[in-house]
Amino acid sequence: MSETSKSRAARLPHLRRETLRKGDPVPLPLTMAAMFHVPGDPTGFSQYGRFTNPTWDAVEKLLSHLEGATAVAFPSGMAAISAVFFGLLKSGDKVLLPADGYYTTRVLADRFLTPMGIAAETRPTATFLDGGFAGYRLVFVETPANPGLDICDIAAVASEARAAGAITVADNTTMTPYGQRPLDLGIDALVAADTKAPNGHSDTLFGHVASRDPAIIEAVTDWRKLAGGIPGPFEAWLVHRGLETLELRFDRMCASAELIARRLREHAAVRAVRYPGLEDDPAHNLARAQMERFGFLVGLTLGSMDRAEAFIDQCALIQPATSFGGVHTSAERRARWGDAVDPGFVRLSVGCEPVEELWGAIEAALEAAGQ
Ligand SMILES: *Cc1c(COP(=O)(O)O)cnc(C)c1O
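Residues numbered from 1 in each chain as written. Predicted model: local features only at pLDDT ≥ 70, side-chain atom pairs only at ≥ 80, totals over all residues. Heavy atoms only, no water.

Within the chain, the secondary structure is distributed over 12 helices and 12 strands. Oriented by its inertia axes, the alpha-carbon framework of the chain measures out at about 75 × 55 × 40 Å. Burial statistics for the chain: of 371 residues in total, 52% are counted as buried. Roughly 15,900 Å² of accessible area belongs to the chain as shown, and the carbon and sulfur atoms make up 56% of that amount. (Helix = DSSP H or I, 4+ residues; strand = E, 2+ residues; numbered from the N terminus. Buried < 20%, exposed > 50% of the residue type's maximum accessible area, 1.4 Å probe, protein only. Areas by Shrake-Rupley, 256 points an atom, 1.4 Å probe, with all protein chains shown as cover.)

Below you can see the structure in the form of structure tokens.
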């Protein structure tokens, strides 16, 4: 029987058991080590803290289990994306990025790839297939795109880009392995910021690359070892702990987001709602076809910048903050970073609070912010 999200979630907290000897601690020990005891022939052992660490191995084991692919841990989402770019690209290559995805990915390309002779072009997520993929070495998708929540057809991008000779990469941060499975849809490499829902407690940055292609795994692992952008063992330990409750948190967050999106759509103060789970969302049919859940991010547009700021600041159960995916609901007005969205557009990251209490606080803040 093939693995489902539920069977992966059920087995995850028991994976360590097969490695335990009698008397070992059941929870994961934290190994803080730059040096290891390696007399004589060092092959086959932990040698040095920039090459390996037992706590990384443990978190990579959980991530590999969830992805159904080899996972390599990084100190942040951007470190994972950098490993893919710098590990796989060379001068003369051309990359295609989403115009409406996480903006730092585009800034990284402009600031560091372009001067190395790697051209970067962009395309809106909603029409990502238009124009084909001829001439690109690497095609990068992010769906739903953060923050606008447009969607592209992952399987179609994967097969058309592969036919054109490109490597395909998907940033799956907004969905997690429980919400969407780009590798199963034909994507070559997945990147994700575990800073968000996988760690879930807003206290560490982390990321990973996952792939079923050994050449991609070798390239990003070599990049990590040689460039030295390695995860800290304590951060790996925190993410390992976070992953043990990801399925529970993600399930609550997605269910609450779905309910809240429906109620927001009915509310007089809200001009527009983007949520892939709403039947009339432009991305709904595609979302139903390729996503396991509709996610915990909701885009809502209020009448003005001031109303949006007032709503965020006055809601007792919303933490005003950039970033998302924590146990606490958070929100921000994305235009403050220069994203191409309406000034009244709010990205709401629904957390783990009991949903009726959360909705009560959201409704009160909408009333207070006015129409
Ligand atoms: C946050 C985020 C990143 C970057 O992650 P960091 O851990 O902050 O480096 C990359 N992609 C998406 C979609 C994100 O939301």
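That shown, we press on.
Moving on: the environment of Pro98. In this fold, Pro98 is placed in strand β2 (residues 94-98). With a relative accessible area of 4%, Pro98 lands in the buried category. Measuring from C-alpha to C-alpha, the distance between Pro98 and Ala215 comes to 25 Å, with 117 residues separating the pair along the chain.

This part takes up the state of the cysteines. Scanning the model with the defined rule gives 0 disulfides in all. The closest cysteine sulfur to the non-disulfide-bonded Cys254 is located on Cys352, 10 Å from its own sulfur. For the unlinked cysteine Cys315, the closest cysteine sulfur is that of Cys352, found at 16 Å. For Cys315, a relative accessible area of 4% gives the class buried. (Disulfide = S-S within 2.5 Å.)

All right, on to the UniProt feature "modified residue: N6-(pyridoxal phosphate)lysine" (unreviewed entry) in the chain then. The sites that carry the UniProt feature "modified residue: N6-(pyridoxal phosphate)lysine" (unreviewed entry) are, in the present numbering, Lys196. Look past the residues within four positions of Lys196 in its chain and what remains in contact with it is Thr173, Ser323, Phe324 and Gly325. (UniProt positions renumbered as here; feature names shortened; annotations may be inferred. Contact = heavy atoms within 4.5 Å.)

With mixed pairing, 5 strands are arranged side by side in an open sheet as β8-β9-β12-β11-β10. One side of each edge strand has no neighbouring strand; the edge strands of this open sheet are β8 (270-274) and β10 (319-320). As defined by bridge partners, β10 adjoins strand β11 (residues 330-333) across 2 bridges and the pair is classed as parallel. Following the sheet pairing, Pro320 is matched in β11 by Ala331. (Pairing = 2+ DSSP bridges.)

This paragraph deals with the sheet that holds strand β7 (residues 207-211). The strand order β1-β7-β6-β5-β4-β2-β3 describes an open sheet built from 7 strands, whose pairing is mixed. Of all the strands in the sheet, the pair left with one neighbour each is β1 (70-74) and β3 (119-123). Between one strand and the next, the sheet's axes are offset by a mean angle of 20°, whatever the strand orientation. The pairing of strand β4 (residues 138-142) with strand β5 (residues 167-171) spans 5 bridges and is classified as parallel. Counted as the bridge partner of Glu142 is Asp171 from β5. Taken strand by strand, helix α2 (residues 54-67) contacts β1, β6 (189-193) and β7, and its axis lies near 135° from that of β1. (Axes fitted to C-alpha atoms, helices over the stretch in contact; angles between N-to-C directions.)

This part is about the site of the ligand. By nearness alone, 15 residues border the ligand, and Gly77, Met78, Asp171, Thr195 and Lys196 come closest of all. Asp171 places a polar side-chain atom, nitrogen or oxygen, 2.7 Å from a nitrogen atom of the ligand. Broken down by element, the shell around the ligand gets its largest block of residues, 3 residues, from helix α3 (residues 77-88). In the shell around the ligand, the residues fall into 7 nonpolar, 5 polar and 3 charged. (Near = heavy atom within 4 Å. Polar contact = N/O pair within 3.5 Å; in protein donor to acceptor, adjacent residues only side chain to side chain. Nonpolar A, V, L, I, M, F, W, Y, C, P; charged D, E, K, R; others polar.)

Here we take up the nonpolar core. Core analysis: the biggest nonpolar cluster contains 64 residues, and Leu264, Val298, Phe311, Leu348 and Ile362 have the highest contact counts within it. Shared between two domains, this core takes at least three residues from each, and those domains are domain 1 (3-243) and domain 2 (246-369). In this structure Val298 touches Leu149, Ala257, Ala261, Leu264, Val273, Arg274, Tyr275, Val346, Arg347, Leu348 and Val350, once residues within four positions along its chain are discounted. Membership of the second largest hydrophobic core comes to 28 residues, among which are Leu108, Ala109, Val169 and Val220. (Core = buried A, V, L, I, M, F, W, Y, C linked by side-chain atoms within 4.5 Å. Domains from an automatic or database assignment.)

What follows is about the packing of aromatic side chains. Counting across every chain of the model gives 8 aromatic pairs. The interplanar angle of 90° and the centroid separation of 6.0 Å between the aromatic rings of Phe250 and Phe296 together place this pair among those described as edge-to-face. Within this pair, whereas Phe250 is found in helix α9 (residues 246-266), its partner Phe296 is found in the loop between α10 (284-290) and β9 (297-302), the two being separated by 46 residues in sequence. We note that Phe250, like Phe296, is buried. One Lys or Arg, Arg111, reaches over the ring of Phe112 and ends 4.5 Å from the middle of that ring. Positioned above the aromatic ring of Tyr102 is the side chain of Lys196, whose terminal nitrogen or guanidinium carbon lies 5.2 Å from the ring centre. (Phe/Tyr/Trp six-rings, centres within 6.5 Å; stacked < 30°, edge-to-face > 60°. Lys NZ or Arg CZ within 6 Å of the ring centre and 35° of its normal.)

For the rest of this paragraph, the subject is the environment of Gly131. In this fold, Gly131 is placed in the loop between β3 and β4. Judged by relative accessible area, which is 74%, Gly131 ranks as exposed.

This paragraph deals with the packing of α2 against helix α8 (residues 233-243). One can describe the packing of α2 onto α8 by two numbers: an axis separation of 8 Å at closest approach and a directional angle of 35°. In this structure, α2 crosses over α8, and the sense of that crossing is left-handed. In this structure, α2 uses Thr55, Trp56, Ala58, Val59, Leu62, Leu63 and Leu66 to contact α8, whose residues at the interface are Pro233, Ala236, Trp237, Val239, His240 and Leu243. The residue inventory of the contact of α2 with α8, partitioned by class, reads 11 nonpolar, 2 polar and no charged. (Left-handed = near helix turned anticlockwise from the far one by under 90°.)

With that out of the way, let us pick up the pairing of β6. Here β6 lies mainly inside the structure; 5 of its 5 residues are buried. Of the two faces of β6, the one holding Ala189, Val191 and Ala193 and the one holding Leu190 and Ala192 are both buried throughout. Bridge count for β5 against β6 is 3 bridges, and the pairing is parallel. Following the sheet pairing, Val169 is matched in β6 by Ala189.

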